[in-house]
Amino acid sequence: MLGLSNSLSTVDIVDAQSKYGFWGWNLWRQPMGFIVFLISSLAECERLPFDLPEAEEELVAGYQTEYSGIKFGLFYVASYLNLFISSLFVTVLYFGGSNISIPYIFVSDFFEINQTYGVFVTIIGIFITLAKTYLFLFLSIATRWTLPRLRIDQLLNLGWKFLLPISLGNLLLTTSSQLFSL
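The residue numbering used here restarts from 1 in each chain and proceeds along that chain's sequence as written. At least 70 in pLDDT is required for a residue's local features to be given in this predicted model, at least 80 for side-chain atom pairs to be given and counted, and no such filter applies to totals for whole chains, interfaces and linings, which use all residues. Note that the side-chain values use all heavy atoms of the structure and ignore hydrogens as well as water.

(A) Quick peek at the overall build of the protein. In terms of regular secondary structure, the protein is built from nine helices and zero strands. The cut-offs for exposure are 20% and 50% of the maximum accessible area for each residue type, with area from a 1.4 Å probe on protein chains only; residues under the lower value are buried, those over the upper are exposed, and the others partly exposed. For the protein, buried positions account for 31% of its 182 residues. Residue pairs in contact within the protein that sit at least 24 positions apart in sequence constitute 72% of those at least 6 positions apart. Total accessible area computed for the protein in this model is approximately 12100 Å², and 70% of it derives from carbon and sulfur atoms. Strands here are runs of E lasting at least two residues and helices are runs of H or I lasting at least four, both read from the DSSP assignment and numbered beginning at the N terminus. A contact between two residues is defined here by any heavy atoms of the two lying within 4.5 Å. To be clear on the numbers: accessible area is Shrake-Rupley with a 1.4 Å probe, and residue cover counts the displayed protein chains and nothing else.

Written out as structure tokens, the structure reads:
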């Protein structure tokens, strides 16, 4: 993201994506980075293709069977909070964050609200960000419904033989394109 927005600030990354609307999203400028980031975030959240701590036990909930009541509920709340935050990162880094990306349609002008009422614009931005985040949250949950579990050797092959070479190639390609554009 540093090469695309010249900053590591999430505000600057969203602003850099909002310059060109829908086609300015980092999804279109870094599709391989998006795929690697999405797969890695699913693995980090231990969602179903990558839920090896639960798959080893082959019990109802794996390592969480020792807990009941509120402790069991807190495990699941923490898991879904982790998934929500990773979906929020996907939204901010690759899908324009609070940018609605529909050119020449300003909601405040549509409702004839002046720009002095910045609260309304802020609430619309938060709503757009959360709508995009919940889209990825739903995709992560739908992935859990549809994909089978991976064995440990399949997960290691995916990480070391597929994701690492693609991410390093993407890094070299992005760096070389940034050097030649100077």
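(B) Inspection of the UniProt feature "transmembrane region" (unreviewed entry) in the protein at higher detail. UniProt positions are given in the numbering used here, feature names are shortened, and annotations may be inferred rather than shown by experiment. UniProt records the feature "transmembrane region" (unreviewed entry) at residues 74-97, 117-141 and 162-180, using the numbering of this structure. Helix makes up 88% of residues 74-97 and strand 0%, and the two end C-alpha atoms of the span are 28 Å apart. End C-alpha to end C-alpha, residues 162-180 measures 27 Å, and it is 100% helix and 0% strand.

(C) Up close: a nonpolar patch on the surface. Residues forming no salt bridge and having over 30% relative accessible area are the ones grouped into patches, like charges within 9 Å of each other and nonpolar side chains (Val, Leu, Ile, Met, Phe, Trp, Tyr) within 5 Å. Criterion for a salt bridge: a side-chain nitrogen of Lys or Arg within 4 Å of a carboxyl oxygen of Asp or Glu. Together, Ile 152, Leu 156, Trp 160, Leu 164, Leu 168 and Leu 171 make up a nonpolar patch on the protein surface, roughly 620 Å² of accessible area in all. For Leu 164, the location among the structural elements is in helix 9 (residues 152-181).

(D) The arrangement of the packing of helix 2 (residues 10-17) against helix 6 (residues 70-94) in detail. Orientation is described by lines fitted to C-alpha atoms, with helices fitted over the stretch in contact, and by angles between N-to-C directions that extend from 0 to 180 degrees. In the contact formed by helix 2 and helix 6, the axes pass within 8 Å of each other and the chain directions differ by 50°. The angle between the axes of helix 2 and helix 6 places the two elements in the oblique class. Only Val 92, Leu 93 and Tyr 94 of helix 6 make contact with helix 2, whose side of the interface consists of Thr 10, Ile 13, Val 14 and Gln 17. Class assignment of the residues belonging to the contact of helix 2 with helix 6 gives a composition of five nonpolar, two polar and no charged. We call two directions roughly parallel when the angle between them is under 35 degrees, roughly antiparallel when it is over 145, roughly perpendicular when it lies between 65 and 115, and oblique otherwise. Amino acids outside the nonpolar list (Ala, Val, Leu, Ile, Met, Phe, Trp, Tyr, Cys, Pro) and the charged list (Asp, Glu, Lys, Arg) are all regarded as polar, and Gly is one of them.

(E) The arrangement of the nonpolar core in detail. Counting nine residues, the largest nonpolar core consists of Ile 13, Trp 25, Leu 27, Phe 34, Val 90, Leu 93, Tyr 94, Phe 95 and Phe 136. The leading source of residues in this core is helix 6, at three residues. Each nonpolar core is a collection of buried residues, namely Ala, Val, Leu, Ile, Met, Phe, Trp, Tyr and Cys, held together in the definition by side-chain atoms within 4.5 Å.

(F) Layout of the packing of helix 4 (residues 31-44) against helix 6. Where helix 4 meets helix 6, the axes come as close as 10 Å, and the angle between the chain directions of the two elements is 170°. Compared by their axis directions, helix 4 and helix 6 come out roughly antiparallel. Taken together, the residues of helix 6 that come into contact with helix 4 (itself represented by Gly 33, Phe 34, Phe 37, Leu 38, Ser 41 and Glu 44) are Asn 82, Ser 86, Phe 89, Val 90, Leu 93 and Tyr 94. Here the residues of the contact of helix 4 with helix 6 sort into seven nonpolar, four polar and one charged.

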